[in-house]
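Take a look at the letters that make up each chain.
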Amino acid sequence: MAIDNCPLCGGTELELPYPSTLAKGKKAIAAGSQYHCTSLGLGIHPDIFRCTACSMVFNEAAPECGDVAGQYAQVEDPEYLAQRESRRLTFHRELDAIEAEQRIGDLLDVGCYTGFFLECARERGWNVRGVEPSRWAADYARNELGFDVFNGPVEQYRSDQTFDVITMWDVLEHVPNPVEVLTILRRYVRPDGLLVFATHNLDTAVARLFGRHFPLFMEMHTVHFNNRTLQMLLDKTGFRLDRKHNQKRAVRVGYLISRLRRFGATPERIATAASRLMSVEDRILWTGMVGVETYFARPV
Ligand SMILES: [Zn+2]
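Criteria and cut-off values
Residues numbered from 1 in each chain as written. Predicted model: local features only at pLDDT ≥ 70, side-chain atom pairs only at ≥ 80, totals over all residues. Pairing = 2+ DSSP bridges. Helix = DSSP H or I, 4+ residues; strand = E, 2+ residues; numbered from the N terminus. Axes fitted to C-alpha atoms, helices over the stretch in contact; angles between N-to-C directions. Parallel < 35°, antiparallel > 145°, perpendicular 65-115°, else oblique. Left-handed = near helix turned anticlockwise from the far one by under 90°. Contact = placed C-beta atoms within 7 Å. Nonpolar A, V, L, I, M, F, W, Y, C, P; charged D, E, K, R; others polar. Buried ≥ 20, exposed ≤ 12 C-beta atoms within 10 Å, placed from the backbone. Right-handed = clockwise from strand over helix to strand, strands pointing away.

Student: Can you break down the sheet that holds strand 1 (residues 14-18) residue by residue, with the values?
Tutor: The strand order 1-2-3-9 describes an open sheet built from four strands, whose pairing is antiparallel. The open sheet has two free edges, formed respectively by strand 1 and strand 9 (223-224), since each of these has just one partner strand. Sheet topology note: the strand 1/strand 2 (residues 48-51) ladder contains three bridges and is antiparallel. Within the sheet, the bridge partner assigned to glutamate 15 lies in strand 2 and is arginine 50.

Have a look at this one:
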C-alpha cells in the first residue's frame, strides 16, 4: 500500500523532508516490537512525506508488515506493566486538568491498552469503558482490572451510549486515518462533552530543535501534526480547540536506563550498575518538553 494522497486534505503533491532511516535501525529493534508501547524504535522510520498544500506530515504505516490492524491485535508488551506506577502519576495529573473543565461522569478511553488510565479515572468516580485493539492488553484490562473493554479498532466500535469525556492517549499519531477516527468519536461525545487527546506536535520547540532527528518519528507513528494541521483536523470533524498544555510525564529512572538497550547491552549494564550504586533506579522524574501536547476539544 503506497501513499499517494494526503490523509488530511487529499492533496497529491508530496515532498520528502524526512527520508527513511529503516536500514540504519534494523539491528536495534526486533521484528513486530515496533508496535509496542515500549518500542525501542525511536527515530527509526520509513520515508516521511509532507503535503505541499496543507503541510500535513505523514508516512506509510509499516511498509514491511502489511496489515497494521493485525499487528496491533497481536501486540503483547509485558514490559509496560512494570510502568504502572509512573503511568498512573501521569494519568492522575491529566485527570486533574480534565476535572477542572468537566464534571465527573461517563468516560470512554480509546486505545486504553492495559487499562491503567481507566483505573485512575474509576478511582476518582468516573464511570468508564475502553476500546483497545490488542487482545493481550484488552484481556488484561478486563480480567485483571475488571473493565468493560471493546477489543478491536475504534472503527468497529458500536454503542448507543454517549460520553462526557472521550480520551485518546498517544493514539492519534498511530492511525493512518485521523479524520475518520475523530468523525467517529464526534458521534459518541455529548454536546457539552470534551474530547481529550495527547499527541506530538511538530511546532513544539523540541521538535523544531531536533528537526529530522525528532525521536518521535518512528515506524509505528504514521501522522505528525503541527498547529495548522491539528486545527484543520478539528475543523473537518466538528470540534473546536478549547485549550492545550505541554504534557508532563512521570518516568522511572530505571525505565530511562532500559532505553539505552538500543545502543547495545554494555551501556545499559553500566548505567544500571551506576544507578543501583546511587539508589536512584526507582526514583521518578517528571519530563516535560518531549514535544507531546494534550488537547481539549469541544464539539461544535
Ligand atoms: Zn494535505
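This is not the end of the story, as more comes after the structure.
Student: Can you break down the packing of helix 4 (residues 84-99) against helix 5 (residues 116-123) residue by residue, with the values?
Tutor: Between helix 4 and helix 5, the shortest axis-to-axis distance is 9 Å and the interhelical angle comes to 50°. One finds that helix 4 runs oblique with respect to helix 5. Handedness of the helix 4/helix 5 crossing: right-handed. Note on element contacts: helix 5 touches helix 4 through Phe116, Phe117, Cys120 and Ala121, opposite Arg84, Arg87, Arg88, Phe91, His92 and Leu95. Of the residues belonging to the contact of helix 4 with helix 5, the class tally is six nonpolar, one polar and three charged.

Student: Go over the sheet that holds strand 4 (residues 106-110) with me, naming the residues and quoting the values.
Tutor: Taking strand neighbours across the sheet as the criterion, the seven strands line up as 6-5-4-7-8-13-10 in an open arrangement whose pairing is mixed. Each of the sheet's edge strands pairs with one partner strand only, and the pair in question is strand 6 (149-151) and strand 10 (239-246). Averaged over all adjacent pairs, the angle separating strand axes in this sheet is 15°, with direction ignored. Of the pairings in the sheet, the one linking strand 4 to strand 7 (residues 163-169) comprises three bridges and is parallel in character. Note that in strand 7 the partner of leucine 108 across the bridge is isoleucine 166. Of the strands in this sheet, strand 4, strand 5 (127-132) and strand 7 touch helix 5, which is tilted by about 175° from strand 5. In the packing of helix 6 (residues 135-144) onto the sheet, contacts are made with strand 5 and strand 6, and the angle to strand 6 comes to roughly 160°.

Student: So what's going on with the pairing of strand 8 (residues 189-200)? Which residues, and what values?
Tutor: Of all 12 residues in strand 8, nine are buried; the element is thus mostly enclosed. Alignment of strand 7 against strand 8, held across six bridges, turns out to be parallel. Looking across to strand 8, one finds that methionine 168 is bridged to phenylalanine 197. You can see the chain leave strand 7, run along helix 7 (residues 178-188) and come back into strand 8, and the turn it takes is right-handed. Across six bridges, the pairing between strand 8 and strand 13 (residues 292-299) is antiparallel. Within strand 13, the residue paired with valine 196 across the bridge is phenylalanine 296.

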